[in-house]
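Here is what each chain is made of, one letter per residue.
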Amino acid sequence: MLSILDRYFLRELGQTMLATAIVLLAIMSGTTFAQVLKQVANGSFPASVMFQVLGLNMIQGLPTLLPLSAFIGVLYGLGRMYRESEMHVLASSGMGAAGLLRPMSLLAIVVMLLVGIVSLWLGPWAARTSDDLVAAANRSVIAAGLDAGRFTPLPNKGGIIFVDTLSRDGSVLGNTFISRERTNKDGSRELKVITGKRGQLYQESSGTDRFLALYDGWQYEIPLGADNWRKMQYERNDASLSNVQSDNSEDPAASMDTFTLMRTDNADARAEFAWRTVAPAMSLVLLMLALPLSRQSPREPRFGRLLLALLSFYAYYLLLALCRGQIAKGHWHHAGPMWFVSLLVFLFAAWMFRSQYVARKLRKAAV
C-alpha cells in the first residue's frame, strides 16, 4: 500500500510530467508539421496523406520526447517543492532519501514501460505504416492528389497532368494531358507535351518505379528558344512518373520490427537495435539525474537549474548518439559502450544524490 506521502509525490510529479509532455508534444508537432509541409511542397509527400504522415512521425519521436519530459517534469516539480520549503519540512520530519526514492522508482517503472512499448513496438509500426502510405501513393494517382477535370502537379516536380475522367481506384485514366519541362545534356531546355485518349497506371515487377501507359495519342517535343520542334503519333507511350519518397527510404532499419532487427546482421540494424533497447534505460538514468539537480534553495530563481539540466541532458544524449554512429559505421558491433555510458551517468547521479543526504560533521568551535 502507498503511503499518503507517496501518493502526494506521485500526484505532483505525475501532473508536472504530463504538463511538460504536452508542451513538448506541441513544440514537436509544430516543427514536424513544418518539415512535412516542406516535403509536400517539394513533392516528397502527396498532400492527401500529409496529416497521417505527420501523426506517424510524431509517434516515432516519442522515445526521445518521453524521457525528456519526465526529466524536466521531475526537475521542475521537485524544484518547486524545494523553493517552497516543502522538502525541508519533510526532511526535518524524518523523511530521508528512501522516502523520495520509493515514489520515484514507481514513476521510473511506468516511464520505462511506456518508452519500451513505443521504442520496441509502436515506433517501428508507425514507420512501417508511413512507408505503406507512401507505397499506396505510388500505386494510385488519386493518393497523389489527382482529380478529374483539374490540372495537378506530379510529385518531385515531374510536370503537370490533366485527365477528364478517372476510375474509382485511380489506375485507369480517360483523355490525358501531360506537360513537363526538362534540361538536356547540352544544357538546352525543352517542353515535352504528351496527349492520349486513355491511360493505365502500373508498376514494374520490383515495385520501385511506376509508369503511366498512354494509348492513341500525340507527343510534342518543343525546344525552348528554337523552332525545331517535333511531333510524333503513337499507339502506346509509357511515361515514367516520379515516385513519392518516404522518410525511412534512406534508413530501412527504422521500419523493421524488433524481432526482424535482431536477426538482421548489418551495421545499420545493429545500431537501430541498440538505440531501441537503450531508450528505456535512458529514462531511468535521466530520472536519477533529476534528483540531485532539482535541489534548490528557497531564494534561487525558478528556472535556475534548468540550463544546467538541459546541458546535462544534451551531453548524455550526444554521447549515446556518438556511440550509435560508431555502431552504424561498423567500428563497434554491440551496444556495450552505450550501456557503459548510461551506467556511468547513473552512478554519478546516484553519488550526487547520496552526498546531499549524508549527515555533515559538526565543526568544533574555536577555543
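Look up: the structure comes first, before these words.
Since the model is a prediction, treat every value here as computed from it, not as a measurement.

Asker: Tell me about the pairing of strand E5 (residues 189–203), residues and numbers included.
Answerer: Of the strand pairs in this sheet, strand E3 (residues 172–173) and E5 are connected by 2 bridges, and their pairing is antiparallel. Each bridged residue has a counterpart across the sheet, and for leucine 173 the counterpart in E5 is glycine 199. Note that strand E4 (residues 176–183) and E5 share 8 bridges and pair antiparallel. Each bridged residue has a counterpart across the sheet, and for threonine 183 the counterpart in E5 is arginine 189. A loop of 5 residues connects E4 with E5, the two strands running antiparallel in sequence, and glycine 187 in this loop sits at a positive phi of about 95 degrees.

Asker: Before we move on, could you go through the packing of aromatic side chains and cite the residues and values that matter?
Answerer: Inspection of every chain in the model, using the stated rule, returns 8 aromatic pairs. Taken together, a centroid distance of 6.2 Å and an interplanar angle of 20 degrees make the contact between phenylalanine 33 and phenylalanine 51 stacked. Here phenylalanine 33, found in helix H1 (residues 4–41), pairs with phenylalanine 51, found in helix H2 (residues 50–60); they are 18 residues apart in sequence, far enough to count as distant. Its relative accessible area of 55% is what places phenylalanine 51 among the exposed residues.

Asker: Could you give an account of the side chain of glutamine 219, with specific residues and numbers?
Answerer: In this structure, glutamine 219 sits in strand E6 (residues 210–223). By relative accessible area, glutamine 219 is classed as buried at 7%. There is a polar contact of 2.5 Å between the side chain of glutamine 219 and the side chain of asparagine 237. The contacts of glutamine 219, once residues within four sequence positions are left out, are Lys192, Val193, Ile194, Arg230, Lys231, Met232, Tyr234 and Asn237.

Asker: Please provide a residue-by-residue account of the packing of helix H7 (residues 267–293) against helix H8 (residues 306–328), values included.
Answerer: Angle between the axes and distance between the axes are the two parameters that describe a pair of packed helices. It is the contact of H7 with H8, at a shortest axis distance of 10 Å, that shows an interaxial angle of 160 degrees. With respect to H8, the axis of H7 lies roughly antiparallel. The handedness of the crossing between H7 and H8 is right-handed. On H8, the residues touching Ala267, Asp268, Arg270, Ala271, Glu272, Ala274, Trp275, Met282, Val285, Leu286, Leu289 and Leu293 of H7 are Leu308, Ala309, Ser312, Phe313, Tyr316, Tyr317, Leu320, Ala321, Arg324, Ile327 and Ala328.

Asker: Now, about the nonpolar core: what can you tell me, with residues and values included?
Answerer: Core analysis: the biggest nonpolar cluster contains 57 residues, and Phe71 and Leu78 have the highest contact counts within it. Listing elements by their share of this core, those giving two or more residues are H1, H2, helix H3 (62–83), helix H4 (86–92), helix H5 (97–139), H7, H8 and helix H9 (336–357). Element by element, the count of residues in this core is highest for H7, at 14 residues. Residues contacting phenylalanine 71, with those up to four places away along its chain left out, are Leu286, Leu287, Leu289, Ala290, Leu293, Ala309 and Phe313. The next biggest cluster of nonpolar side chains, apart from the first, holds 11 residues, and it includes Leu154, Leu201, Leu214 and Tyr234.

Asker: Give a detailed account of the environment of serine 312, specifying residues and quantitative values.
Answerer: Relative to the helices and strands, serine 312 resides in helix H8. The class for serine 312 is partly exposed, based on a relative accessible area of 21%. On a C-alpha basis, the gap between serine 312 and alanine 290 in space is 9.9 Å, while along the polypeptide they are 22 residues apart. Within the structure, serine 312 has its side chain in polar contact with the backbone oxygen of leucine 308 (distance 2.8 Å).

Procedures and definitions
Residues numbered from 1 in each chain as written. Predicted model: local features only at pLDDT ≥ 70, side-chain atom pairs only at ≥ 80, totals over all residues. Heavy atoms only, no water. Pairing = 2+ DSSP bridges. Helix = DSSP H or I, 4+ residues; strand = E, 2+ residues; numbered from the N terminus. Phe/Tyr/Trp six-rings, centres within 6.5 Å; stacked < 30°, edge-to-face > 60°. Buried < 20%, exposed > 50% of the residue type's maximum accessible area, 1.4 Å probe, protein only. Polar contact = N/O pair within 3.5 Å; in protein donor to acceptor, adjacent residues only side chain to side chain. Contact = heavy atoms within 4.5 Å. Axes fitted to C-alpha atoms, helices over the stretch in contact; angles between N-to-C directions. Parallel < 35°, antiparallel > 145°, perpendicular 65-115°, else oblique. Left-handed = near helix turned anticlockwise from the far one by under 90°. Core = buried A, V, L, I, M, F, W, Y, C linked by side-chain atoms within 4.5 Å.

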